[in-house]
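# Examining the three-dimensional arrangement
These are the residues of each chain, in order.
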Amino acid sequence: GGAKFTCADPKGCVDIAPKDPVRIAYAFVVSGGDASLGTDTKRGSEIAVDEKKEILGHAIELVGEDELCAAEGGQTAATKLAADPKLLAVIGTNCSSAARAAIPILCGAGIAMVSPSNTAPDLTDEARPPEYWCYLRTAHNDNVQGAKMAEYAYEKGFRKAATIHDGSLYADKLQQVFAATFVQLGGTITAREAVGPQDTDMKPMLTRVAATGPEFIYYPIFIQAGGHITKQAKEVTGLENVQLAGADGIFSPDFLRAAGDAVVGFNWSSPDFSAFGAGYGDFLAKHEAKYGEKTLAPFHAHSYDATMMIFAAIEKVAVKDADGTLHIGRQALVDALFATKDFQGLTGTLTCTATGDCADPKIAVYVGQSADPDTWNPGADADSNPMKIWP
Amino acid sequence: MALLELQDIHTYYGAIHALKGISIHVDEGEIVTLIGANGAGKSTTLNTICGLQHPRSGSVTLKGESIQHLPAHEIVTRGVAQAPEGRRVFGRLNVTENLEMGAFVRVDKDGIKRDMERVFTLFPRLKERAKQVAGTLSGGEQQMLAIGRALMASPRLLLLDEPSMGLAPILVEAIFDTITEINAQGTTVLLVEQNALIALSVASRGYVMETGSIRLADTAEALRNNEMVRRVYLGET
Amino acid sequence: MNARTRSDWMAPVKSGLMGGLIALLIAMVGLVEVSVKRPILTADGRILLSVGQLLLLLPIILMCYKAVQVFAAGCEKVTDRLGLLATGALSGFFASLVLAALVLLGRVINLRTVFIRASPDLFNTLTFGLGLGGGSVVLLLFGALLGGLVAAITLLPDRIRRPLVLGLALVPLAAILTSALFAGRGFSVPVALLVGVVAAALTFAWRQTQPKLQDRVAALSPSGQRTYQVFRWLLPVAIVLALPRLGAYPSEVLVNVGLFVLMGLGLNIVVGFAGLLDLGYVAFYALGAYAMAVLTSPEMTWHGIHLTFWQALPFAVLASTSAGIILGIPVLGMRGDYLAIVTLGFGEIIRLVFLSDWLKPFLGGSNGITRIPKAVVGSIALDNSPKLYYLILAGCVVAAFVAIRLKDSRLGRAWMAMREDEDVAQAMGIDLIKTKLLAFATGATFSGLSGAIFASKLTSIYPHSFHVLVSINVLGVIIVGGMGSIPGVVVGALALVGLPELLREFAEFRLLMYGAALVFMMLTRPEGLVPEARRKLELHEADGEV
Amino acid sequence: MAILSAHHVTKRFGGLLAVSQFDVEIQENSIHSIIGPNGAGKTTFFNCITGFYRHEEGSILFKGEPLDGLSPDRITRQGIARTYQNIRLFQNMTVIENVLVGGHVHLRTGVFGAVARTRGVMAEEAKALEEARHTLRFVGLAGRGDYMAVNLPYGDQRRLEIGRALQTRPALLLLDEPAAGMNPSETEDLMAFVRRLRDELGLTILLIEHQMRVVMGISEVVTVLDYGEKIAEGTPAQIQRDTKVIEAYLGRRATA
Amino acid sequence: MLRRLLRRVSGTTVFMWLIGIAMLVVVVWGVYATLSSGRYKASDWIDLTVYGIAQGSVYALIALGYTLVYGILRMINFAHSEVFMSGPFIGYFVAMALSQSGFFNRQPFVSLIIVLLVAMTVSTTIAVLLERIAYRPLRRAPRLVPLITAIGASYFLQYTFLGLFGSGIKGYPEVAQLKGYWPFPGTSSGILRTQAVVIVSAFVMLAILYVFVQRTKTGKAMQAVSEDKDAAALMGIDVDRIIVITFVVGGALAGAAGVLYALLFKQVKFDMGFLPGIKAFTAAVLGGIGNVNGAMLGSLFLGISESLFPNLVLDGLGLPAPYQLKDALAFIMLVAVLIFRPTGILGERLAVKKA
Ligand SMILES: Nc1ncnc2c1ncn2[C@@H]1O[C@H](COP(=O)(O)OP(=O)(O)OP(=O)(O)O)[C@@H](O)[C@H]1O
Ligand SMILES: Nc1ncnc2c1ncn2[C@@H]1O[C@H](COP(=O)(O)OP(=O)(O)OP(=O)(O)O)[C@@H](O)[C@H]1O
Ligand SMILES: [Mg+2]
Ligand SMILES: [Mg+2]
């Protein structure tokens, strides 16, 4: 052996003995109504782990906690994860409400945290509390995505828009940003509606929206309710020809299944897949082979990227003894994550800002071409479904 | 051969040992009465016969066939009907429907109709109330209904648990007249009564129960003259 | 023993098939898949026995045991040992036959188009990684062996069997527990042996000495008795006070349990004592939490009021109490399940209104209310679970005290009478309106207190946290614990809130196991885990006369 | 002096006149029976007195004060207690708890008292318990206090019901067929018991009963109802001879 | 007279009347404001009513399962929502198989019937198993105990389905012949074909059930068993059999409801039962629980008020996003009805128990 390693990291170090695995964890919602969101991201991480196989000669162990998409779930999950002295980093959470409760606890334990699907702007705001120092995300800040859709709509000549959210933080924030931007550009918002995520009969609400005469309806919500709205909007008098649009929460083949033929002509805002690494196709193939079904929600790639980003950072900061023991400084790991630059991920080229926003800011708008989920193949080509149309 | 025979029956309510080795028999065509103090186990005996309560040991045989393991509804199909203690009428069904339920296992439409008429002649009061839901009947009216409902089954063996309870004296007479009458037409009757005087006057034999066992078994005549029975159950001093 | 008929052999086959089917279900829902990497026994970094494998084996073992029991039930003492062993082996064989059939089927057709968990990995696990042919044979032999083993164990004398079984059961339990609570990773073989042997030895020793110990205690001098009694009380108190030493995560679990104990104590008054089925109990919890949040969070600039936790607490509790009364009035006339559904409705109305855009300016809508300050005692901020534990413990102690006192009072009797027969209770001179409202109000008070603590614990609250499922869970707590029983609430909360935490291992299957456990618990103990004990009132008289 | 008097009380159920223009005066410290065929309206009249039903017409005065429209609990507080034709105990409470509930109105303890358990509260509870035990002895259920009410045999359940009613310390006790399900010797005991209630506790007793042995044995006045209307009133001897009563109710054999 | 009246009126009754009047005023005001604003055409209201009836008739089929079981066992069968979910869930796989083989497009109605039968069978099986395993052993246990096993069973079933088939959304294949509208007077563009089919088939099934419960001997026996099991057994009624039949009927209706639901809304998912379950139960209570007609009436009432009232009442009051409060409104309706009729619209006044 060489010189004995001494830990100089202000937040302490994790030592991994020669035969022990490198341990990271996820905190996703894997039960309840939002289970598909969590399962989707969990699988993204699992595939990343499978692909990476090992870090500096150590196996990778992925453990996990259910964050329930709720503050109390986030808090409990984080407390449990924080109790593990060998844990290096957490991928999660799915929901911003869970994140707000989890971040202080994980940061308190010096554990790095990268979320693939928190989109609430305040989490990476300039004014975020200092106790959020360990938190980053690969998901798009709502501020970016909502604004892009508004710009697109205005550019395409729509002047009257309506918004619908489902009482989730994600949807509510997105529609707020959309509305604010759209009004700023000179458009008007005719109606701002809300539904429940489990609601099925949307026609009464749509009838009300129809009475305000919008040209464009933006509902950045999730698949279940999104499917119902899309399908039923076509059945409500006065809305047959209105342009429908959503966000990345429904950018998934399952949405095609849920909405049926009504998705033809539908608009999504989503990361620009034409800018995606070529790996995405491979990823989808692996996913189907491993899990026997298609992806469930839109954030698996973000989760894959978050996991890979963590691996890269670990490799960057780990100090390896002659006997194979790894030493990883916690502060160093977080710093390395924040220093991520031009990282080639599935969702684009990631560069983290000082407040932890790592997502590639390229947002594109897509249009649905077919309702057959088997044709799902987002891109800019003529046979892509959905097809990129903007910018 | 005895129509009904109970041999060394032990029945429990959880830990409470309610019947401690009861053996009785009822022959075809008889009226047999069971008398005894509060809590002696008379109702438990009837429930054990009907299968509402299963004995822990001992046997109940009906026409030579042992029935103690059968569920209540199958025992009913074998021709046993009970007018239970506390009336137990179906409160939200009306009087006619209650009577129809009594004839649930029967298929002879005409017979049912005839028996319904018979019940209504026996209890004109019920006819007046034919469409009233049973839950709002007066106590005595419910008692009439419970007896009528048991009659509707046209059973071979009729079990009556304190039929006179809550009935006006004039009706008590009528009921016992009817019991004798249907007995004469071939129905065997096992009768539990507090009004021992009248019970012993219609019955051919009787048993006296005390705290879960049979204290005395004899002909009605003999029991009526028994010193203890006279004192306790006939209220003579 | 006379010759066995065909039907005698059908029983083990049946239970074997049953065990196999349960194991099949466990495999097909994916429980094996999630837990096959969670070790119980490890050697040298390799997994010898995983939680997933144990889950597969457990139903088979239990059903073999049942078959053996049925076989042995007929006779006083088992003479036909071979028959017994054969019974076990037979049912084990048939259990594994089901699994082998699955493997075979999985190879022939692609089950995955419907059953997404029928993955090659699963088949590998089932066949010990030996491929289809060899694997199936080994699987069948293994099943038969396992069944035989189970039978063999039952043949052992009681003295040895009990410690052995306990030791065997305790090792995986302890392994799972340590990994659930302390992020451990299974036991290595020597550790497992140690745990098993110690557990077995302790049981053995305890069974030998326990009767003597009782005699000893009985023989103590009066002062000795007194110290013994004091000790018997002090020990649990000391343990309860020392619990947060277990660490942050166990404390977190205990705090969550505590929140439910507090709610459970309140609902126990409403449902257990007064018999008013309230399915919207979460409404008061929500009100307590939101009142706390609105009054303390700097986000809510409501007339510029920003109180501290302690200043806001009385208002939060008061808000719930008065809500209890106000919501109680319209439902006074309703009985039984009408009451249940209306209260459920109230719970939902509160949640939906708190979520709505309409009240968003005041209550934050879907964004919730964040930046709620933590409670501060003196100079100590209760900013983590081990500290919060004492706050919630204090709350529970006070609530339990109040509940016990109320239960054995005139009011408690009035509630009980009302539960039994409302009309007659009224005819006994009980003012139904007042008595019902008191039950609602007291229940709401405890719930509001729980909610207020919840808000300051989380520092941010959202309408989603106040779903009907919370009400239903609290109801589960009091019924699983034993309706009307105060210790039952604590045990129930530990079982329904604490236990699922241990099931975190199983991620998305936690609720599946929770549901199965709920059914199982109720079927085996319908009266609850700690049924309500009746006070003996009249016997005191006898004491007095002696 | 009449402790209870009813004037023109009428109760209808739909088209059915259950009690019709019924007048009755119950003298203080008397034993007064109401008899009549099944469905004559006796229980209904009890229900009107105790506030379970609201009569449409007429009024009922208790100690000169009208009871009409009061809720059952307030009527109980005035000093009227009852038992039920179909026994209605608090089945899953112990015998002594049943009796203690009967004492509810005479206790004061509220929420805060119950929690703080002040000396006054403790004393009150102790006294209530002592009274309850006394009542149990009085009705012959001593030693049964800790039984569950459901598990009592029928006769004991009736006793307990009376005990519970007594514990409200009524001035007027309404008994609805107390002797139903009792054998003759038990009935004798009951009659003696009812007399004791009147003589020792100074209660007024209003009784519904179908067993003539009881009615004729202990009552001073008998009122006969038929189809909701009063058809006769008088001493037992007068009633037994009344042809209308024999016709409608007693039957020939009973008088023989 | 006045004195008498005053004595009868207590503070709480006054309070309740005040609540009632306040609600009425708000409703009337809201309706007036909406209607006078003229934002909606008459045909809009008719459309909304039709939507409500379609939704309500699905509720009715589910609600009957609750009401029948409640009637007979006096328990809220919380797992009924999973009975409802399981049928169309398995039906989905059959539908997909049929659709992949092309049969679905060739014979859509035969296919639908096949799917319906499969769904009804599955739901029925689950319902019967539930009764056998989780409820029957608890027949004599305290009332709330089976309620808890029902909740446990509900979780178990939900997550078993999640485990077996995944958490994703399953989209039912669309029936080409049922796309578009059929003309219907008063509506803006006719009645949606799917809605028409749903409404008609629901009513047919409801009618069959009504006759079954009210007219047949088994139906009568169900009522008897619901009142007093021992007494029913004394009539020769096989209590267990009747209870099983009840679960069979409830399960079959729930399975049918599930398929109709899938026809209307196209997607199935493991947790799809929860909300319709709660709503249907609410509807059953609203109508008077245990009462078959009540369940139907309550369901239609709930369905219509859900679709009509947010626009009709809340819109006029100027609330933002009124549709979000639809469920709250449904529950408020429930409270309002029960305040004045504590046993539901058609529920018997059981309060007049014999003393
Ligand atoms: N459900 C029950 N649970 C527990 N014990 C019971 C139950 N039913 C009856 N018992 C007990 O069983 C014994 C016999 O009761 P049973 O009802 O058979 O008496 P009985 O002779 O019919 O009395 P009665 O004349 O009062 O009707 C009594 O001691 C009674 O307390
Ligand atoms: N809630 C009700 N609805 C309809 N009819 C009722 C109701 N309650 C009682 N009745 C009818 O009113 C009449 C009087 O009933 P009540 O119970 O007072 O009779 P009773 O004199 O006590 O008879 P019994 O001696 O049989 O107990 C009966 O015919 C009964 O059917
Ligand atoms: Mg009896
Ligand atoms: Mg009466």
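Residues numbered from 1 in each chain as written. Chains lettered and ligands numbered in written order. Predicted model: local features only at pLDDT ≥ 70, side-chain atom pairs only at ≥ 80, totals over all residues. Heavy atoms only, no water.

A count of helical and extended segments in chain B gives 10 helices and 10 strands. Here the C-alpha radius of gyration of chain B, 17 Å, is about what a compact globule of 237 residues would show, namely 18 Å. By principal-axis analysis of the C-alpha atoms, chain B measures approximately 45 × 45 × 35 Å. For chain B, the residues scored as buried account for 62% of the 237 residues in total. Within chain B, contacts between residues at least 6 apart in sequence are counted, and of these 66% link residues at least 24 apart. Approximately 8800 Å² of chain B is accessible, and the part contributed by carbon and sulfur atoms is 51%. (Helix = DSSP H or I, 4+ residues; strand = E, 2+ residues; numbered from the N terminus. Rg over C-alpha atoms; globule rule 2.2 N^0.38 Å. Buried < 20%, exposed > 50% of the residue type's maximum accessible area, 1.4 Å probe, protein only. Contact = heavy atoms within 4.5 Å. Areas by Shrake-Rupley, 256 points an atom, 1.4 Å probe, with all protein chains shown as cover.)

All names here are of chain B. If you check the domain split of chain B, you get domain 1 (1-79 + 155-237) and domain 2 (89-152). Taken over C-alpha atoms, the centre of domain 1 sits 23 Å from the centre of domain 2. The partner domain 2 presents 10 residues to the 15 residues of domain 1 that form the contact. Together, the buried faces of domain 1 and domain 2 total about 1000 Å²; carbon and sulfur atoms form 76% of this surface. If you sort the residues of domain 1 by the area they bury against domain 2, Leu171, Ile175 and Thr178 come out on top, with a joint share of 29%. Applying the counting criterion to the domain 1 and domain 2 interface returns zero salt bridges. Taken together, domain 1 and domain 2 are joined by three residue pairs in polar contact (both at pLDDT 80 or more). The greatest single-element share of the side of domain 1 that touches domain 2, amounting to five residues, is contributed by helix α7 (residues 169-184). (Domains from an automatic or database assignment. Buried area = accessible area lost by both parts, 1.4 Å probe. Salt bridge = Lys/Arg side-chain N within 4 Å of Asp/Glu carboxyl O. Polar contact = N/O pair within 3.5 Å; in protein donor to acceptor, adjacent residues only side chain to side chain.)

Turning our attention to the nonpolar core. Phe216(A), Leu475(C) and Ile237(E) are the most contacted members of the largest nonpolar core, which totals 379 residues. A total of 18 residues in this core trace back to one element, the largest contributor, which is helix α11 (residues 239-265) of chain E. With sequence-adjacent residues up to four places away left out, Phe216(A) is seen in contact with Met149(A), Tyr152(A), Ala153(A), Phe158(A), Lys160(A), Ala161(A), Ala162(A), Phe178(A), Val242(A), Gln243(A), Ala245(A) and Asn267(A). Val63(A), Ala78(A), Ala120(A) and Ala301(A) belong to the second largest nonpolar core, which has 65 residues in total. (Core = buried A, V, L, I, M, F, W, Y, C linked by side-chain atoms within 4.5 Å.)

Residues and elements named next belong to chain E. A surface patch of nonpolar side chains, about 590 Å² in accessible area, is lined by Val14, Trp17, Leu18, Ile21, Val25 and Phe340. When residues in the nonpolar patch are grouped by element, the largest group, five residues, is from helix α2 (residues 11-37). Considering the arrangement of structural elements, one finds Phe340 in helix α14 (residues 326-340). We classify Phe340 as partly exposed; its relative accessible area is 38%. (Patch = residues over 30% accessible without salt bridge, like charges linked within 9 Å, V, L, I, M, F, W, Y side chains within 5 Å.)

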